[in-house]
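Coordinate analysis (summary)
What follows is each chain in one-letter form.
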Amino acid sequence: MMRRLVFFSTAVFWLVVLVLALTTGNNGEPMRNERPAAKADKLVTMAEVARHARSEDCWMVIDTQVYDLTAYLPEHPSKPSIILPWCGKEASEAYKTKTKGRPHSEQADQALANYAIGRVE
Ligand code: HEM
């Protein structure tokens, strides 16, 4: 009787551990895609992007996605002079290299996805 009880409680314990391991991650938050893909589909022209080339109104194109980065600029860890020249432009190469041959982190990719507003063809 006692052995059965021990067996069943052990089985239940590991079942609970398994279910928790499969359904959670990120400090108990439900699991989600590590790299949320930007998914704004609205078509925008490069001419329109070029009209948003100021720190108070800054759009960029990275891998055909258009991002409105106005709200993010004050958060960016570099000097403003590093990122501002890319407002209104195609900035894939700059983003992928930080203009120093080093890629941005996954955290940066995730932040970027929040600002997608459309895409260019
Ligand atoms: C497209 C022009 C951009 C350039 C030239 C650029 C350049 C840089 C530089 C020089 C640094 C600091 C030094 C370093 O970490 O090596 C940096 C850090 C960082 N940038 Fe950018 N950046 C750009 C756009 C962006 C965008 C659009 C985001 C996100 C929305 C972003 C997010 C970050 C983050 C989170 C860091 C901290 C380090 C890391 O996580 O990689 N950057 N960037």
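What follows covers the overall build of the protein. When helices and strands are counted, the protein shows five helices and seven strands. In the protein, the succession of helices and strands from N to C terminus is α-β-β-α-β-β-β-α-β-α-α-β. The 121 residues of the protein split such that 17% are buried. Residue pairs in contact within the protein that sit at least 24 positions apart in sequence constitute 69% of those at least 6 positions apart.

Turning next to the environment of arginine 119. In this structure, arginine 119 sits in strand 7 (residues 116-119). Taking the number of C-beta atoms within 10 Å as the measure of exposure, arginine 119 has 17 and is therefore partly exposed. Sequence-wise, arginine 119 and alanine 40 are 79 residues apart; in three dimensions their C-alpha atoms are separated by 6.8 Å. Arginine 119 has contacts with Ala40, Asp41, Leu43, Val44, Thr64, Gln65 and Val66, leaving out every residue within four places of it along the chain.

Looking now at the pairing of strand 4 (residues 57-62). Of all six residues making up strand 4, five are buried, and the element is well covered by its neighbours. Strand direction decides the pairing type here: strand 3 (residues 53-54) and strand 4, joined by two bridges, are antiparallel. What sits directly across from alanine 53, in strand 4, is cysteine 58. What sits between the antiparallel neighbours strand 3 and strand 4 is a turn of two residues. With antiparallel pairing between neighbouring strands as the criterion, strand 4 and strand 5 (residues 65-68) make up a hairpin whose turn holds two residues, including aspartate 63 at a positive phi of roughly 50°.

Quick notes on the rules
- Residues numbered from 1 in each chain as written.
- Predicted model: local features only at pLDDT ≥ 70, side-chain atom pairs only at ≥ 80, totals over all residues.
- Helix = DSSP H or I, 4+ residues; strand = E, 2+ residues; numbered from the N terminus.
- Buried ≥ 20, exposed ≤ 12 C-beta atoms within 10 Å, placed from the backbone.
- Contact = placed C-beta atoms within 7 Å.
- Pairing = 2+ DSSP bridges.

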